Amino acid sequence: MLSVENLTYTYPEGTEAVRGVDFAIEQGEIFGFLGPSGAGKSTTQKVLIRLLRGFQGQITVLGKPLNEWDDSYYEQVGVAFELPNHYQKLTALENLSLFRTLYSGDTRDPAELLEMVGLAADADTRLSQFSKGMQMRLNFVRALIHQPDLLFLDEPTTGLDPVNGQKIKEILRQQKEEGRTIFLTTHDMTVADQICDRVAFIVDGEITLIDSPRNLRLQHGQRRVRVEYHQDGTSSPAQHAEFPLDGLADSDHFLNILRTNRIETIHTQEATLEDIFIQTTGRSLT
């Protein structure tokens, strides 16, 4: 669906924002581009959506070199920027109806899209009266209106409460099930862990690691089990013990804890994506 080889981009004032980046995304994949502010995430995305020209390297999208696409490119891709950009004097429905007219192919019903993200009751409200979270949700569904094959999303859950953030993630999973490909830039490792098939870590314009969240957790987590328990089944303060995962069934101490105490929690010592990012890059996400 998308292939990037040796992508380099330098801004006119001389700042090299992206340095020799390589990655490929398969059809129907949710690909997370993860890194702190200033890492090169948004620059890479702006190159891919043709807002920035003059890059070095080779980029192929939908089987065609990016430089060979004309404006029909935007019939195939959908874009949701990190900062909403709407006509503030128009209503939500008027905004979607206006953008709908820009496409020559089949489009989705704006009212259906507003319902999808819980904005149906605000369809006739001017955008100037929308909160940031409401504008973010409208921004998101605007990218879906022409049913694109490829979605570019920049921090799609920023500013959303947990309920609406979960709603956006469910919609993304549905888009994937329908065969669409999603390129997602974020610094929210929880979002990436929950919905991405693969993630790439980018720092200072360079990709340091690409793999699935599951593989990364297995590679960088500790093969240990932590048990929290109340001794002898009482309400005494919780105690804890850790055991190697290998040979766990043969550990008499572990089995004795299970048999004679009230268990509070038991889980493997998996690393989070944020832990792994810091461990492998030496950088935080802030």
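These notes cover the structure that comes with them. Everything quoted here is computed from the prediction, not taken from an experiment.

## Examining the overall build of the protein chain
- Regarding its fold elements, the protein chain presents 10 helices and 13 strands.
- C-alpha extents for the protein chain along the principal axes are approximately 70 × 45 × 35 Å.
- In the protein chain, buried positions account for 45% of the 286 residues.
- In the protein chain, the share of contacts with a sequence separation of at least 24, taken over all contacts with a separation of at least 6, comes to 65%.
- Accessible surface, the protein chain: about 14100 Å² in total, of which carbon and sulfur atoms supply 45%.
- Between the mean site of the 27 positive side-chain charges and the mean site of the 41 negative ones, the protein chain shows a separation of 3 Å.

## Looking at the pattern of salt bridges
- Overall, the coordinates contain 11 salt bridges when judged by the stated rule.
- One salt bridge connects Arg108 with Glu112, and the closest N-O pair in it is separated by 2.5 Å.
- Overall, Glu112 belongs to the partly exposed group, its relative accessible area being 39%.
- One salt bridge connects Glu242 with Arg226, and the closest N-O pair in it is separated by 3.4 Å. On the criterion of sequence distance, the pair formed by Glu242 in strand S12 (residues 239-244) and Arg226 in strand S11 (residues 222-230) is long-range, its members being 16 residues apart.
- Several salt bridges share partner residues, and in doing so they unite Arg224, Arg226, Glu228 and Glu242 into one network.

Thresholds applied
- Residues numbered from 1 in each chain as written.
- Predicted model: local features only at pLDDT ≥ 70, side-chain atom pairs only at ≥ 80, totals over all residues.
- Heavy atoms only, no water.
- Helix = DSSP H or I, 4+ residues; strand = E, 2+ residues; numbered from the N terminus.
- Buried < 20%, exposed > 50% of the residue type's maximum accessible area, 1.4 Å probe, protein only.
- Contact = heavy atoms within 4.5 Å.
- Areas by Shrake-Rupley, 256 points an atom, 1.4 Å probe, with all protein chains shown as cover.
- Lys, Arg positive; Asp, Glu negative; His and termini not counted.
- Charge placed at Lys NZ, Arg CZ, Asp CG, Glu CD.
- Salt bridge = Lys/Arg side-chain N within 4 Å of Asp/Glu carboxyl O.

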